[in-house]
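Architecture at a glance
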Amino acid sequence: MKLLIIDDERSIRLSLEVGLKKLGIDIFTASSGEEGIRIFSEVSPDIIIIDINLPGINGLEVLRRIKKQKSNSIIIMITYISEVRLAVEAMKLGASDYFTKPFNIEEIKETIENNIKYIHMKHELNKEDGNMAEIIGISKPIEAIKKVIRKITNMPYNTFILIQGESGTGKEIVAKAIHFHGIRKNKPYVALNCAAIPQNLQESELFGYEKGAFSDAKTSKKGLIEEANGGTLFLDEIGDMDILLQAKLLRVLQEKKFRRLGATQERTIDANIIAATNKDLLVEIQKGHFREDLYYRLNVVPIYTTPLRKRIEDIPVLIEFFIKHYNKELNKEIKGMTDNVMQACRTYEWKGNVRELKNVIERVMIFQENDWIDEEDLPHNIIAVREEEDQQTLSYKSLETVEMETISKVLKQQNWNITKTAQELGISRLTLRRKIEKYNILK
């Protein structure tokens, strides 16, 4: 992994080099735009940090020249508060992020770490065959889910897992990952969507029935509990299960026994039970729609799938994954998205979460004829949000927010020493005091 730092200030180059060396990557430095472009051509860095205000060729021109070479390098810009508008322009040109001076080295370190994970995952996706049951992402919530899965997949005994999250966040993908990465992967994986089956049919689907149990029962039939024996039973949208059936399910979980409809003989069950819901079950309990005892029985291992809008660092990874998948499905060779389109996707809220993103990529690729997905290929609502976001970023209010946050950060770093803070910010002590009063910054 290679990182190139282009900054004319020796102290900044040195602090970044020392702070980021702990990540175990090869670091190259340049003191001018010309030198940076030369080193870029020689070493092909994975990540580049560029100061906007460079002597000679400025940072924006360096960014333009690198992007002209169709480089996949991830670019991060560094700027002063007064140059935030230039940073926004850099984002439009394809930079993935920017930091204002004086910056926190730990924040930059965390960003570099996330980008390293992203690069590693891109390499892995190029090796894999695109199994849609894999959990794709580099964010902390995704890493937390993977950590839980690693702990529970090889347990030799049965457990109960409750997956909670908004629609489209990948709850069933998590359930499949738990099953297919565990010791039961060669056993049955059986799913029941409680919201898709009428409540009067849920019991017969779950428990099965004997011949003659009711008027239409011409033959005996196994229920899904029986089908899943030895493997995994996934109860999707458990919050929509009939309240009376919940009591019967609780007995199955406690006693590991069940009885087909119309049967007198009890049967045993040996299966992992995974339930999922997009509802707040504690609220459903208060409404009388869900049994409290069943909730606590299922919630032995809780897993939360975070909305996509709260883990935007996963969006580029998911897009790479879906493009690769649909290239195979549709026999196409789409190379990816332009920088503007990728930035628009990072800005969009994705209320339908990963499912919405997947559907958009599929729809775009069905009609795509060019090598790269551009702005005119995306639905208008996604591009419109990006344009609105740009206007907000350029507003005076946004500049004030950045200024206030920076002053607060430096004040804390200098232990509220007004003289040192003013020197660090390059303003007078009087100006600093006026801004502290203006923004009501409290110690």
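Described below are features of the structure shown in this document. (Residues numbered from 1 in each chain as written. Predicted model: local features only at pLDDT ≥ 70, side-chain atom pairs only at ≥ 80, totals over all residues. Heavy atoms only, no water.)

1. Quick notes on helix α8 (residues 199-207)
- Along α8, the residues that are buried comprise Gln202, Ser204, Leu206 and Phe207.
- On the buried face of α8, the contacting elements are β7 (189-193), β8 (208-209), α9 (224-227), β10 (232-236), α10 (243-255) and β11 (257-258).
- Phi turns positive, to about 80°, at Gly208, one or two residues after α8. (Buried < 20%, exposed > 50% of the residue type's maximum accessible area, 1.4 Å probe, protein only. Helix = DSSP H or I, 4+ residues; strand = E, 2+ residues; numbered from the N terminus. Contact = heavy atoms within 4.5 Å.)

2. Observations regarding the side chain of Arg260
- Along the chain, Arg260 turns up in the loop between β11 and β12 (267-268).
- Side chain to side chain, Arg260 and Glu226 meet in a polar contact 3.0 Å long.
- Setting aside its immediate chain neighbours within four residues, Arg260 contacts Phe207, Gly208, Tyr209, Glu210, Ser220, Lys221, Lys222, Glu226 and Arg267. (Polar contact = N/O pair within 3.5 Å; in protein donor to acceptor, adjacent residues only side chain to side chain.)

3. So, the pattern of salt bridges
- According to the stated counting rule, one finds 25 salt bridges in the structure shown.
- Here Arg259 and Glu266 are joined by a salt bridge, their closest N and O atoms 3.6 Å apart.
- You can call Arg259 partly exposed: its relative accessible area is 41%.
- Judged by relative accessible area, Glu266 falls into the partly exposed class, the value being 28%. (Salt bridge = Lys/Arg side-chain N within 4 Å of Asp/Glu carboxyl O.)

4. Digging into unusual backbone geometry
- Even without being glycine, Glu237 reaches a positive phi, approximately 50°.
- We classify Glu237 as buried; its relative accessible area is 12%.
- You will see that Trp350, though not glycine, has its phi angle at about 55°, which is positive.

5. Remarks on the sheet that holds β7
- In space, the five strands of this open sheet follow the order β7-β10-β13-β6-β14, with parallel pairing throughout. Lying at the two open borders of the sheet, with one neighbouring strand each, are β7 and β14 (301-305). For this sheet, the mean inter-axis angle between neighbouring strands, taken without regard to orientation, is 20°.
- Relative to β10, β7 is paired through five bridges, and the arrangement is parallel. Its bridge partner being in β10, Asn193 is matched across the sheet by Asp236. (Pairing = 2+ DSSP bridges. Axes fitted to C-alpha atoms, helices over the stretch in contact; angles between N-to-C directions.)

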